[in-house]
Amino acid sequence: MKRFILCSLIILSYFLAFSSVKADSDYESFQEIEMIGDGCFLEDFTDDDYKEYYKKVKKRKAYGWNVYYVNKNVKVRYVVTTHFSFYNDGDTPIVYEANFKEEKSSKRSIQATGSIDMEKTKSTKKFKGGLDAKLKLEYSKTDTIITTSAWNVKCSVDPGTILVIYTHGEGKISNGVATKYIGFVNVTKGGFEIFVATTQTYRMEKIKI
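Residues numbered from 1 in each chain as written. Predicted model: local features only at pLDDT ≥ 70, side-chain atom pairs only at ≥ 80, totals over all residues. Heavy atoms only, no water.

Draft legend 1. Region of interest: the overall build of the protein. Counting secondary structure elements, the protein contains 3 helices and 11 strands. When the elements of the protein are put in sequence order from the N terminus, they spell out α-β-α-β-β-β-β-β-β-α-β-β-β-β. Expressed as a percentage of the 209 residues in the protein, the buried residues total 37%. Summed over all atoms, the accessible surface of the protein reaches about 12700 Å², with 52% contributed by carbon and sulfur. (Helix = DSSP H or I, 4+ residues; strand = E, 2+ residues; numbered from the N terminus. Buried < 20%, exposed > 50% of the residue type's maximum accessible area, 1.4 Å probe, protein only. Areas by Shrake-Rupley, 256 points an atom, 1.4 Å probe, with all protein chains shown as cover.)

Draft legend 2. Representation of the side chain of N71 in the model. Here N71 is to be found in strand β2 (residues 63–88). A distance of 3.1 Å separates a polar side-chain atom of N71 from the backbone oxygen of C40. Setting aside residues no more than four positions away along its own chain, N71 makes contact with G39, C40, I173, S174 and N175. (Polar contact = N/O pair within 3.5 Å; in protein donor to acceptor, adjacent residues only side chain to side chain. Contact = heavy atoms within 4.5 Å.)

Draft legend 3. Region of the structure containing helix α2 (residues 47–54). Buried within α2 we find Y50, Y53 and Y54. With its buried residues spanning 95° around the axis, α2 presents them on a single face. Opposite the buried face of α2, at more than 90 degrees from it, the exposed residues are D48 and K51. In this structure, the buried residues of α2 make contact with β2, β10 (161–182) and β11 (185–208). (Arc of directions from axis to C-beta.)

Draft legend 4. Inspection of the pairing of β10 at higher detail. In terms of residue burial, β10 counts as a mostly covered element, since 17 of its 22 residues are buried. Of the strand pairs in this sheet, β10 and β11 are connected by 22 bridges, and their pairing is antiparallel. Looking at β11, one finds that K172 is bridged to V196. (Pairing = 2+ DSSP bridges.)

Draft legend 5. Summary view of the nonpolar core. Of all hydrophobic cores here, the largest spans 11 residues; its members are Y27, F30, M35, F41, V74, V76, Y78, V80, I173, F195 and A197. Elements represented by at least two residues in this core include exactly β2 and β11. In terms of residues, this core owes the most to one element, β2, which gives 4 residues. When sequence neighbours within four positions are dropped, the list of residues in contact with I173 reads Y27, M35, F41, N71, K72, N73, V74, V76, E193, I194 and F195. (Core = buried A, V, L, I, M, F, W, Y, C linked by side-chain atoms within 4.5 Å.)

Printed below as a string of structure tokens:
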């Protein structure tokens with residue numbers, strides 16, 4: 001029995017030492033995300049909210065977009081995913097070694113509702129129809145997180161303690177509604193949301209139960 005446990009720990013330690021996890025900005029798939037302070041996400045807009053917000057963008061024009069921000073650069077904190085969780089229910093400490101490295105990913109992510117369309121390129125998503133320009137969104141090499149550094153940590157997990165390793169960070173959310181007019185006719189209408197990751201790091205945490 002002791003030999004089986006020892007072999008299992010060796011296999012698990014090997015996995016931790018060589019895992020590589022891609023950083024992510026697809027906030028809809030995050031394990032947790034919450035706003036710091038007042039604000040709401042696009043998915044929380046109600047039908048009554050849309051009716052009220054659309055009143056702010058109903059001015060007809062020969063051509064172009066009307067935009068109304070409901071939330072602008074509201075800070076959020078998030079957990080992307082939990083990579084590893086272990087509870088030591090034994091009588092002696094267990095030592096683990098973790099070695100993680102970030103890969104390239106986009107810092108910006110967008111969402112839309114209604115008839116606002118998006119297009120996905122190899123590295124990011126963009127709003128169609130000129131809405132990007134109206135929102136003054138500029139895409140460049142700075143929109144990717146690239147790091148070649150890695151960290152290697154040995155951690156002793158005491159009896160009755162949980163070891164958790166996860167990716168977390170902070171970012172900003174902006175959202176609202178927009179309408180597009182061509183020849184004074186409304187041709188596009190919907191909600192938009194922009195998420196920008198400002199930080200994203202790995203964290204190792206020990207929790208005493």
